[in-house]
Amino acid sequence: MFDVQMTDEVDQAGVEELQNAVIAFNVAATGYSDGASLGCLLRDQAGQLIAGLDGFTWGGYAMIEWLWVHDDYRQDGLGTRLVEAAEHEAARRGCFVVRVNTHTFQAPGFYASLDYSEIGLAEDTPVGHGEVFLQKRLDPQNN
């Protein structure tokens, strides 16, 4: 038998091996092998990160996994521009849906203002808050 012990220090090479195993399973199960990174990092002249978006496209959908804008730039429209650029690129890649998860204390209103619809909510994630699941349908033909 295997000794199962959780840790907070996981070998990064092992994590990559695990991710590759899941990806291989997903490709075999769906036939979609078109997974690609989707991201943009914006830096100031000193090289400091001021905003960024990271996610992926795969099998006709896009996922925004990380979006962040520095406090000093939050009202300048950078978040909107990053999301719109990701949507445009996703549509160009043939995606029909963009998905994102955000917490209740983060940006559900921001995504709603960009026509994302809530498709689910997980309560107490973290305790006292929730994780909101949203999506937006795209029209790849119009990009």
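Numbering of residues starts from 1 in each chain and follows the order in which that chain's sequence is written. Totals for whole chains, interfaces and linings use all residues, but because this is a predicted model, local features are given only for residues with pLDDT of at least 70 and pairs of side-chain atoms are given and counted only at 80 or more. Side-chain descriptors were evaluated using all non-hydrogen atoms of the structure, hydrogens and water having been removed beforehand.

Re the overall build of the protein
Reasoning step 1: Secondary structure elements are taken from DSSP: a helix is a run of H or I of four residues or more, a strand is a run of E of two residues or more, and numbering for both begins at the N terminus. Regarding its fold elements, the protein presents three helices and six strands.
Reasoning step 2: Ordered by position from the N terminus, the helices and strands of the protein form the series α-β-β-β-α-β-α-β-β.
Reasoning step 3: Taken along its principal axes, the extent of the C-alpha atoms in the protein is 55 × 40 × 35 Å.
Reasoning step 4: Throughout, exposure labels follow a simple rule: accessible area from a 1.4 Å probe, protein chains only, divided by the maximum for the residue type, with under 20% read as buried, over 50% as exposed, and the rest as partly exposed. In the protein, which comprises 143 residues, the proportion classed as buried is 25%.
Reasoning step 5: We call two residues in contact when some of their heavy atoms are within 4.5 Å. Across the protein, every contact between residues at least 6 apart in sequence was considered, and the portion connecting residues at least 24 apart equals 50%.
Reasoning step 6: Here Asp and Glu are counted as negative and Lys and Arg as positive; His is not counted, and neither are the chain ends. Charge coordinates come from a single atom per side chain, which is NZ of Lys, CZ of Arg, CG of Asp or CD of Glu. Across the protein, the mean location of the 8 positive side-chain charges is 11 Å away from that of the 22 negative side-chain charges.

Thoughts on the pairing of strand E3 (residues 61-69)
For a regular strand, side chains alternate in direction, first toward one face of the sheet and then toward the other.
Reasoning step 1: A pair of strands is treated as paired once DSSP finds two or more bridges between them. Relative to E3, strand E2 (residues 49-58) runs antiparallel, the two sharing eight bridges. Bridge pairing in E3 links Gly 55 to Ile 64.
Reasoning step 2: Taking the residues that link successive antiparallel strands as the turn, the E2-E3 hairpin has two residues, and the phi of Gly 59 there is positive, at about 60°.
Reasoning step 3: Strand direction decides the pairing type here: E3 and strand E4 (residues 97-103), joined by four bridges, are parallel. Looking at E4, one finds that Tyr 61 is bridged to Val 97.
Reasoning step 4: Crossover handedness is defined here as right-handed if the route from the first strand over the helix to the second strand goes clockwise, with the strands pointing away from the viewer. Handedness of the crossover is the feature at issue here: the chain leaves E3, passes through helix H2 (residues 78-92), returns alongside E4, and the resulting connection is right-handed.

What about the pattern of salt bridges?
Reasoning step 1: Any carboxyl oxygen of Asp or Glu that lies within 4 Å of a side-chain nitrogen of Lys or Arg is treated as forming a salt bridge with it. Enumeration over the complete set of coordinates arrives at four salt bridges.
Reasoning step 2: One salt bridge in this structure joins Glu 89 and Arg 93, with 2.9 Å as the shortest N-O distance.
Reasoning step 3: The class of Arg 93 is partly exposed, set by a relative accessible area of 32%.
Reasoning step 4: Overlapping salt bridges, with partners in common, bring together Glu 89, Arg 92 and Arg 93 in one network.

Some thoughts on unusual backbone geometry
Reasoning step 1: Between Thr 125 and the following residue, Pro 126, the backbone shows a cis peptide bond with an omega angle of 0°.
Reasoning step 2: With respect to the helices and strands, the residue Pro 126 is situated in the loop between strand E5 (117-123) and strand E6 (130-137).
Reasoning step 3: With phi around 70°, Asp 115 is a residue other than glycine that occupies positive phi space.
Reasoning step 4: When you line up the elements, Asp 115 lands in the loop between helix H3 (108-113) and E5.
Reasoning step 5: The phi dihedral of Asp 124 is positive, around 60°, even though this residue is not glycine.
Reasoning step 6: Residue placement: Asp 124 occurs in the loop between E5 and E6.

Observations concerning the pairing of E6
Reasoning step 1: Here E6 shows a clear split, with Gly 130, Val 132, Leu 134 and Lys 136 buried on one side and none of Glu 131, Phe 133, Gln 135 and Arg 137 buried on the other.
Reasoning step 2: Two successive antiparallel strands, E5 and E6, enclose a turn made up of six residues, where Asp 124 displays a positive phi of approximately 60°.

Looking at the nonpolar core
Reasoning step 1: Take the buried residues of types Ala, Val, Leu, Ile, Met, Phe, Trp, Tyr and Cys, join any two whose side-chain atoms come within 4.5 Å, and each joined set is a nonpolar core. Within the largest apolar cluster, 22 residues are counted, with the highest numbers of intra-cluster contacts made by Ile 64, Val 83, Val 98, Tyr 111 and Tyr 116.
Reasoning step 2: At the level of secondary structure, the elements contributing two or more residues to this core comprise E2, E3, H2, E4 and E6.
Reasoning step 3: The greatest single-element share of this core, amounting to six residues, is contributed by H2.

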